Amino acid sequence: MTGKLAMFGGTRTVTLDEADRKLLAWPIVTDAERTAILDVLEHGGFTSVGAGAAVVRELEARWAAYTGTRHCAAVSNGTTAIELAIAAAGLDPGAEIVVPALSFIATATAPLRHRIKPVFADIDPRKFTLAPAAAETAITPRTQAILAVHLHGLPCDMTELRALADRHGLRLVEDAAQAHGATYRGRQAGALGDIAAFSLNVSKNLPTCGEGGLVTTDDADMHDQVVLRRQFGERVPDKGERPYVSEVVAGNAKLSSMQAAFTRCQLDRLAEWVAERERNVSGLLAGLADLPGLVLPWTPPDRTHAWHMLRFRFDVAAMGMPDVAPGAARSLLQRALRAEGVPLQRYQSMPLPAQPALRAGKYDPREHPVTAAVLDDSLTLQRWHLNPASEPVLRRCVEAFHKVWANLDVLAPVARQAS
Ligand SMILES: Cc1ncc(COP(=O)(O)O)c(C=O)c1O
């Protein structure tokens, strides 16, 4: 596991042949998906209305059953799922919603589409999700909701956020785009707030062959609003003539039946894959546990992680280089590990409020110090661990980490110079 680093001309630890690439393929496409899509092609009904409604409804019913919610509406993608969930939550234009400073851009833009202002709050340094204490300080008289993002697949501190929401009379909306199959105190993500949004993007743990989304809730009125708003604000009867009456201003956010058919097949295997991924990731993390300064993702005992992404932080002091700037260490470790064949990447390069699209004036990262520190000193593993067959490749990733750590004395002066 030692030897010269690949970035300095040594042998790369993780090389992939065609068989390995198959172990990493995501999403997994089997005959079940092929047959389901051919079935749609042969029987017509390409959209979610008319003949295509049955396959979409089946996915909705099965996702509601999986998450333990009363209602599910399939929509065109995860971004529209959040937009529709917020619209259905009935917030007033001009109201505020508390949003974590670390998330995907759609978390912040979705409220703005309804003229709801995202107010950013800092995250927890180990869970990477909204810190309830920070969320509380972000609440103002205009706040009407909290957007709980189960980032990377780890459910937020929902008991604390629920209590906070109840104390202030707020809606609690889940962004569960990355958290299919994660649980909190025995309940599924998607059943933890007033309404929840999932993404079915091809990269997600429950994917479709393209774009899609799901909205779950126990509230019949909110579900009704999502259904209304995914289709031009119209109520379309199952049978009979379409009346063409729009009750609210709304766009078109329907899921196509082919996409529903694909996801329905994926759902057949979700529970099994959740368990296998848990085993593989546990093995990976166990293999990395003794590397000083490598801070592994953490799952509190009251919840399970969907492992959409794994975020590793680097503690320069524990790595024996306290004088190196965390950003310089992270950047060098990324080069070293990528050269060894481990495709670590940044996930988000700045806090959401620093995004040019959202920034009003100059943003000071000291407003969200934990988010800023996490972005500076961490990297993520994406996709490679999603396929349940990826375990042999993950084992080689462990070797690559060990090799890099065995060479920290070589890397330290380079990092020192860079910082
Ligand atoms: C946390 C989060 N929210 C929302 C979205 C938006 O989902 P989609 O890409 O399906 O629109 C994503 C997708 O990357 C996400 O990761």
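That block above? That's the structure.
A few points on the structure. (Residues numbered from 1 in each chain as written. Predicted model: local features only at pLDDT ≥ 70, side-chain atom pairs only at ≥ 80, totals over all residues. Heavy atoms only, no water.)

1. Digging into the pairing of strand 8 (residues 195–199)
By the criterion of burial, strand 8 is predominantly enclosed, with 5 of the 5 residues buried. Here strand 8 shows two buried faces, one formed by I195, A197 and S199 and the other by A196 and F198. Two elements, strand 5 (residues 171–175) and strand 8, share 3 bridges in a ladder whose sense is parallel. Note on strand 8: the bridge partner recorded for D175 is A197. Relative to strand 9 (residues 213–217), strand 8 is paired through 5 bridges, and the arrangement is antiparallel. If you follow A197 over to strand 9, its bridge partner there is V215. (Buried < 20%, exposed > 50% of the residue type's maximum accessible area, 1.4 Å probe, protein only. Helix = DSSP H or I, 4+ residues; strand = E, 2+ residues; numbered from the N terminus. Pairing = 2+ DSSP bridges.)

2. Topic: unusual backbone geometry
Residues W26 and P27 are joined by a peptide bond in cis, for which omega reads 0 degrees. Along the chain, the position of P27 falls in the loop between helix 1 (18–24) and helix 2 (31–43). Backbone geometry at R115 places phi at a positive 60 degrees, although glycine is not the residue there. Tracing the backbone shows R115 in the loop between helix 5 (105–112) and strand 3 (117–121).

3. Some thoughts on the site of the ligand
Around the ligand sit 16 residues in total, of which G78, T79, Q178, S199 and K204 are the nearest. The contact in question runs from an oxygen atom of the ligand to an N or O atom on the backbone of G78, over 2.7 Å. Residue T79 places a side-chain N or O atom 2.5 Å away from an oxygen atom belonging to the ligand. Out of a free accessible area of 390 Å², the ligand has 91% covered by protein chains. Per-element tally for the shell around the ligand: the top contributor is helix 4 (residues 78–88), with 3 residues. Residues of the shell around the ligand, tallied by class, amount to 6 nonpolar, 8 polar and 2 charged. (Near = heavy atom within 4 Å. Polar contact = N/O pair within 3.5 Å; in protein donor to acceptor, adjacent residues only side chain to side chain. Areas by Shrake-Rupley, 256 points an atom, 1.4 Å probe, with all protein chains shown as cover. Nonpolar A, V, L, I, M, F, W, Y, C, P; charged D, E, K, R; others polar.)

4. Here's the deal with the side chain of E83
Along the chain, the position of E83 falls in helix 4. Using a relative accessible area of 11% as the deciding quantity, one classes E83 as buried. Among residues more than four places away in sequence, those in contact with E83 are A110, R113 and H114. (Contact = heavy atoms within 4.5 Å.)

5. Re helix 5
Turn by turn, an α-helix covers 3.6 residues, leaving residues three or four places apart pointing in a common direction. Among all positions in helix 5, only A106, T107, A108, A110 and P111 are buried. Those residues of helix 5 hidden inside the fold are in contact with helix 4, strand 2 (96–100), strand 3, strand 4 (143–149) and strand 5.

6. Description of the nonpolar core
Of all hydrophobic cores here, the largest spans 43 residues; its most connected members are F312, L333, V342, L381, F401, W405 and L411. Counting only elements with at least two residues in this core, the list comes to helix 9 (257–288), strand 12 (309–314), helix 10 (326–339), strand 13 (378–382), helix 12 (391–406) and helix 13 (408–418). Not counting residues within four places of it along the chain, the set of residues in contact with W405 comprises L291, P292, L294, F314, M319 and L333. Counting 30 residues, the second-largest nonpolar core is a separate cluster that includes A85, A95, A110 and V215. (Core = buried A, V, L, I, M, F, W, Y, C linked by side-chain atoms within 4.5 Å.)

7. Quick look at the pattern of salt bridges
As enumerated under the stated definition, the model contains 25 salt bridges in all. The salt bridge partner of R269 is E33, with a shortest N-O separation of 2.1 Å. Pair noted here: R269 is in helix 9 and E33 is in helix 2, with a separation of 236 residues, a long-range link. Residue R269 is classed as buried on the basis of its relative accessible area, which comes to 14%. Residue E33 is classed as buried on the basis of its relative accessible area, which comes to 1%. When the shortest N-O distance is used, the salt bridge between D377 and R313 registers 2.8 Å. Linking D377 in helix 11 (residues 369–377) with R313 in strand 12, this pair joins segments that are 64 residues apart in sequence. A relative accessible area of 10% means that D377 is categorised as buried. (Salt bridge = Lys/Arg side-chain N within 4 Å of Asp/Glu carboxyl O.)

Take it as geometry only, folks, not as evidence of what the structure does.
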